[in-house]
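Observations on the model geometry
Spelled out from the first residue to the last, the chains are:
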Amino acid sequence: MPHLGPCRIMLPAWLQFAEETNTGRLKMEDANGAPADVWALQVNCGPEAFGPLCEEERVQGFPQIALYPRTVLQKAKHQVLNIAFPINIIMMSMMGVDVQMPVEVKKQMAESFAEKARATVRERHLHSNATHHEIFREGCRLRGHLDVPRVPGTIHFEAKSANDRELNYAFTNVSHTFNHLSFGRPGAAADASQRLLGLLPGYGLHAKPLDGRSFTSERFHQGAHHYVKVVHTRLEHEESVRLYLYMHQWNLQTFSRYEAPRAKISYDVSPLEVVASHRRRWYDFATSTLALVGGAFAIIQIVYGVLASLPASPLEGRHGNKVGAL
C-alpha cells in the first residue's frame, strides 16, 4: 500500500530487486540445480486497487513478500518470506518521519531480498526443465461413426476425469494420428467411390487428405483444431456413385492452465455439389473448334498489331522519298 510508511520506504529496494530478477541478471537455481524461472511482481493492497485479492490471500501485514510456486492448482500455497528491516529505518518509520532509504541501505535490502529468494527457491523442485513423460508415446485407438445433420458442427475429443481421481491437465496430451477420416452415407459402396475417383483425376487428394497424418502437441496445454470443408460429389445419371470430398486446414490452439486440452474437428457441409460426367456431348466438338479458331484469330491480330507499330527503317524512308519524287 503506497501510502503506508514501511511500504513507501521499502519500495526503492524492491524495485531494484525486481529489475535484477525480471531482466535475468539475478540467477536462481532449484533443488535440482536447474535454472529457475522467477519473476518479481508487486500488488497494491489498497481498497481502491486489489484489496479483495489481498484479503483472499490472507495478507496480515504490510509490506509482505511471498513466493508463489508455479502449479496447475487454482489455489497455490505460497510461502511468506520474512525480511528484516534495518533498525534505524524501523525507528524512523514508527516515529512518523518521512524518510527515504539511503543508497547503501537500499542496496543492502535488495541483496537481502536476493539471498532470501535464492535460499527459498533452492529448497524447491520447480521442474523448470520438464519434458514429456513416456506415457505420451502411448494412446487410445478410437473407431466409429457419427450421424450428423448437414449443418456446420464441431467434434470434440477430450480426456475427462473419472470419479475417483482428477487429471493433471499439464500432462494431458491430445496428439493424434488419423488412420482414416471420411464423410458419406453409412454403408456406401467403396468400389463405387473408387470408380468415381478414377473419373476425377486430381481429386483423389481431397477424398482422404488426413489419412495417415499425425498432429503433435509439442507443448503443454495445446490441442489441434481442424477445419474441414465438405463438398458433395456425384456422377451424372448414376445416383449410386457419390462421395464427399473435403479440404482441410488446421492450427494449434492453446488452452488455459485450468482447462482440459481438446482435439477438435470443425466441419462445414457446402450447399453446393460437384456433378461429374464421363460422357461428352455432340456440341463439345463445336465448342472446342470455335475456341481454337477464336484463339488463333486473336493471336494473329496481336502479332499484326505489333508488327504494324514498329518504326520504318532509314533505307525504306529514302526509297519512299524517291518514289514520291517521280
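Residues numbered from 1 in each chain as written. Predicted model: local features only at pLDDT ≥ 70, side-chain atom pairs only at ≥ 80, totals over all residues. Heavy atoms only, no water.

So, about the packing of aromatic side chains. Per the counting criterion, the structure on display carries seven aromatic pairs. Seen in terms of ring centroids, phenylalanine 178 and phenylalanine 215 are 5.8 Å apart; in terms of plane orientation they differ by 85°. Their pairing is edge-to-face. Here the residue phenylalanine 178 occupies a position in strand β4 (residues 176–178), and phenylalanine 215 occupies one in strand β5 (residues 213–215), the gap between them amounting to 37 residues. On the basis of relative accessibility, which here comes to 10%, the residue phenylalanine 178 falls in the buried class. For phenylalanine 215, a relative accessible area of 1% corresponds to the buried category. Taking 5.3 Å as the distance between ring centres and 70° as the angle between the ring planes, the aromatic pair formed by phenylalanine 183 and tyrosine 246 counts as edge-to-face. Remark: tyrosine 246 occurs in strand β7 (residues 238–254) and phenylalanine 183 occurs in the loop between β4 and α5 (190–199); sequence separation between them is 63 residues. Of the aromatic side chains, those joined through ring pairs into one cluster are Trp14, Phe17 and Phe113. (Phe/Tyr/Trp six-rings, centres within 6.5 Å; stacked < 30°, edge-to-face > 60°. Helix = DSSP H or I, 4+ residues; strand = E, 2+ residues; numbered from the N terminus. Buried < 20%, exposed > 50% of the residue type's maximum accessible area, 1.4 Å probe, protein only.)

Quick look at the UniProt feature "transmembrane region" (unreviewed entry) in the protein chain now. Cross-referencing UniProt, the feature "transmembrane region" (unreviewed entry) maps to residues 285–307 in the present numbering. Split by type, residues 285–307 is 100% helix and 0% strand. Its first and last C-alpha atoms lie 33 Å apart. (UniProt positions renumbered as here; feature names shortened; annotations may be inferred.)

Here the focus is a nonpolar patch on the surface. On the surface, a cluster of nonpolar side chains totalling about 400 Å² of accessible area is made up of Ile299, Val303, Leu307 and Leu310. Take isoleucine 299: it is sitting in helix α6 (residues 283–308). Judged by its relative accessible area of 54%, isoleucine 299 falls in the exposed class. (Patch = residues over 30% accessible without salt bridge, like charges linked within 9 Å, V, L, I, M, F, W, Y side chains within 5 Å. Areas by Shrake-Rupley, 256 points an atom, 1.4 Å probe, with all protein chains shown as cover. Salt bridge = Lys/Arg side-chain N within 4 Å of Asp/Glu carboxyl O.)

A word on the pattern of salt bridges. As enumerated under the stated definition, the model contains three salt bridges in all. Between glutamate 115 and arginine 118 there is a salt bridge, with its nearest N and O atoms 3.2 Å apart. Highlighted residues: glutamate 115 and arginine 118, both in helix α4 (residues 103–122), separated by three residues, approximately one helical turn. Of the residues examined, arginine 118 reaches a relative accessible area of 24% and is grouped as partly exposed. Lysine 229 is the partner of aspartate 268 in a salt bridge, and the nearest nitrogen-oxygen pair spans 2.9 Å. Of this pair, aspartate 268 sits in strand β8 (residues 262–276) while lysine 229 sits in strand β6 (residues 222–235), and the two are 39 residues apart along the sequence. With relative accessibility at 30%, the residue lysine 229 sits in the partly exposed group.

Note that serine 266 resides in strand β8. For serine 266, a relative accessible area of 14% corresponds to the buried category. If we skip the residues at most four places from it in the chain, serine 266 touches Gly153, Thr154, His225, His226, Tyr227 and Val228. (Contact = heavy atoms within 4.5 Å.)

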